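# Per-entry structural report
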Amino acid sequence: MRPVATADQLRAAERRAFAEQPGIDLMGTAAADIVSVARVLAPSGPVVVAVGPGNNGGDGLYAAATLAADREVLIWLAMGSAHEEGLAEAHEAGCREVDAVEAVATLNDAALVIDAVLGLGSRPGLPGVVATFADAAEVLGVPVLAVDLPSGLDADSGDAHTSFRADCTVTFAVPKPCHVIGEASKRCGDVVVADIGVPVPDMGVRVAEESDVARWWPVPGPNSHKYTRGVVGLDTGSAHYPGAALLGCAGAIHSGPGMVRYLGSASQELIVTHFPSIVTAEGRVQAMVLGSGWGDLDDARQRLDNAIERGVPLVLDADALILLPAPLPEGSLLTPHAGELARMLDVDRGQVETHPVGCIRRAAAEFGATVLLKGGTQYVATPSGDVTITVRGPAWTGQAGSGDTLAGVCGTLLAAGVGAERAAILGASLQAITASRHPGPHPPDVLASLFPTVVADLLDVPNRV
């Protein structure tokens, strides 16, 4: 996992680096990383570099000077001034300075735009002339490489503002919130995190990567059997909502359990017809999934109490969340979406959507359980306050039933002995990765059927001993 840092946290880390290594050339290192990515995005052709007055613009100017060795490079002082030493270097290397009108006109022939206008400390939004340039680049389809972040975004927020829309963003040391959260992250394109020699301590917010999923996924050994792999029980669905039961079972059965027991009130015949390996008799379980599709069951409280008495970790979803607070077994997981979390905390949904990290931390502390906040960006918080942003996927998964399936996956992982935090990260990330690798409007049960192939691919199963 990668730590995520705010702009202020990165600045503090940079000050420590300068104090410990006087003379460290952060700008030169950053420029070299920008050049490396620029050459991949556009191996040849003219480059237009839009620069601002700060260090962000300096990074862009030193990169421009290097690129000018083998191609035409045009520089536009978008805010009227620029980093003096960087500007001198760019001029000496043969970069040609243009005004706003010519900058827009040259986009017709440009192979790449480098956005080095505004940095981490800038106010969100763009001045009119810069917004016009950014819009023109997008309309003409010119690839945009953003330096640190697309100018116009707020580094510490996932909110969308008037900004460049980048194909790729080179940021330094660590991702910032705008790179991994909300609508802002969609404007960053592919994010390359360059190491510039500035150690940044873990501040309690991290972002998961596919490599984490591959490293943490539980893999059976030669002596494994159904109980060592884990038996997960599902008390989900009802006569009115049988689909929730099927979807939860689909998530559970396709993510590698030793056994799935269906213990809910939906038709057992329906369950077994779709999934013949699922057992519908009472018996030993090592984790339970509850709540999806319960609706207004009269005995919902009793069902939760019975599950709590088993003493195994629980996944509480949907209608079971209404019954909180309750003394949950250790290692349990709550899986609300924004509206459900707002109800749990007695706040407006808008507050959850605007301040997801703070809200999910509060919920984990108040309920004494790990919390997975579902949505376009998904967050996992532990009672100790650690927050992880899971692997992102396409918006196709934002449909009815995806949460039911996800709860089933998380239940399988808990039953396998995976802790609640990692189970939530793995479950949400697997769903996102599968949707990314199989794009299109697949319904949740179809997507679940693809989980085994994706897990095998992530683990590189044929090469494992």
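Shown above is the structure to which this text applies.
Computed from a predicted structure; not experimentally measured. (Residues numbered from 1 in each chain as written. Predicted model: local features only at pLDDT ≥ 70, side-chain atom pairs only at ≥ 80, totals over all residues. Heavy atoms only, no water.)

Another aspect to go through is the packing of helix α2 (residues 26–41) against helix α3 (residues 55–67). Where α2 meets α3, the closest approach of the two axes is 8 Å, and the angle between their N-to-C directions is 55°. Taken together, α2 and α3 sit at an angle that is classed as oblique. Seen from above, α2 lies across α3 with right-handed handedness. Along the contact surface, α2 presents Met-27, Ala-30, Ala-31, Ile-34, Val-35, Ala-38 and Arg-39, while α3 presents Asn-55, Gly-58, Asp-59, Tyr-62, Ala-63, Thr-66 and Leu-67. Of the residues belonging to the contact of α2 with α3, the class tally is 9 nonpolar, 3 polar and 2 charged. (Axes fitted to C-alpha atoms, helices over the stretch in contact; angles between N-to-C directions. Helix = DSSP H or I, 4+ residues; strand = E, 2+ residues; numbered from the N terminus. Parallel < 35°, antiparallel > 145°, perpendicular 65-115°, else oblique. Left-handed = near helix turned anticlockwise from the far one by under 90°. Contact = heavy atoms within 4.5 Å. Nonpolar A, V, L, I, M, F, W, Y, C, P; charged D, E, K, R; others polar.)

Attention now moves to the pairing of strand β12 (residues 287–290). Burial of the side chains of β12 extends over both faces: Ala-287 and Val-289 are buried on one face and Met-288 and Leu-290 on the other. By the bridge criterion, 4 bridges tie strand β10 (residues 231–235) to β12 in an arrangement that is parallel. The residue bridging Leu-234 from the neighbouring strand is Val-289, located in β12. Two elements, β12 and strand β13 (residues 314–316), share 3 bridges in a ladder whose sense is parallel. Of the residues in β13, the one forming a bridge with Val-289 is Val-315. (Buried < 20%, exposed > 50% of the residue type's maximum accessible area, 1.4 Å probe, protein only. Pairing = 2+ DSSP bridges.)

Let us look at the sheet that holds strand β4 (residues 96–98). Strand order across the open sheet formed by 7 strands is β4-β3-β2-β5-β6-β7-β8, with parallel pairing between neighbours. Edge strands, defined here as strands with exactly one partner in the open sheet, are β4 and β8 (190–194). When the angles between neighbouring strand axes are averaged without regard to direction, this sheet yields 25°.

Before going further, it helps to spend a moment on the sheet that holds strand β17 (residues 387–389). Spatially, 10 strands are ordered β1-β9-β17-β16-β15-β14-β13-β12-β10-β11 in an open sheet, and the strand pairing comes out mixed. Two strands bound the open sheet, and with one partner strand each, they are β1 (2–3) and β11 (259–262).

Grouped burial of nonpolar side chains is what soluble globular proteins tend to show. Val-73, Ile-75, Ile-114 and Leu-145 are the most contacted members of the largest nonpolar core, which has 50 residues in total. If you tally residues by element for this core, the top one is α2, at 7 residues. Discounting residues that sit within four places of it in the chain, Ile-114 has contacts with Ile-34, Ala-38, Val-47, Val-48, Val-49, Ala-50, Leu-67, Leu-145 and Val-147. (Core = buried A, V, L, I, M, F, W, Y, C linked by side-chain atoms within 4.5 Å.)

All right, on to the pattern of salt bridges then. The tally for this structure, following the rule as stated, stands at 20 salt bridges. The shortest N-O distance in the salt bridge between Arg-96 and Glu-102 comes to 2.7 Å. By relative accessible area, Arg-96 is classed as partly exposed at 37%. We note a salt bridge from Lys-176 to Asp-148, for which the minimum N-O separation is 3.7 Å. Within this pair, whereas Lys-176 is found in the loop between β7 (168–172) and α7 (177–180), its partner Asp-148 is found in the loop between β6 (144–147) and β7, the two being separated by 28 residues in sequence. Here Lys-176 matches Asp-148 in class, with each residue buried. (Salt bridge = Lys/Arg side-chain N within 4 Å of Asp/Glu carboxyl O.)

Look at helix α11 (residues 242–253) against helix α17 (residues 402–415): their axes get within 6 Å of each other, and the N-to-C directions meet at 40°. For the element pair α11 / α17, the angle class is oblique. Crossing angle aside, the handedness with which α11 passes α17 is right-handed. On α17, the residues that touch Ala-244, Leu-247, Gly-248, Gly-251 and Ala-252 of α11 are Asp-404, Thr-405, Gly-408, Val-409 and Thr-412. Grouping the amino acids of the contact of α11 with α17 by side-chain chemistry returns 4 nonpolar, 5 polar and 1 charged.

So, on to empty space enclosed by the protein. All told, the structure shown has 1 cavity of 30 Å³ or more when counted by the stated rule. Around the largest cavity, the lining residues are Trp-396, Thr-397, Gln-399, Ala-435, His-438, Gly-440, His-442 and Leu-447. (1 Å grid on protein atoms, 1.4 Å probe; cavity = no way out; pocket = protein on both sides within 12 Å on 5 of 7 lines; lining within 4 Å. Points joined across faces, edges and corners; volume = space filled by probe spheres on them.)

On to the environment of Val-47. Tracing the backbone through its elements, the reader meets Val-47 in strand β2 (residues 47–51). In this structure Val-47 comes out as buried when scored by relative accessible area, which is 0%. Between the C-alpha atoms of Val-47 and Gly-398, which are 351 residues apart in sequence, the distance is 38 Å. Residue contacts for Val-47: discarding those within four places in its chain leaves Leu-67, Arg-71, Glu-72, Val-73, Leu-74, Leu-112 and Ile-114.

Everything listed is a geometric property; what it means functionally is a separate question.
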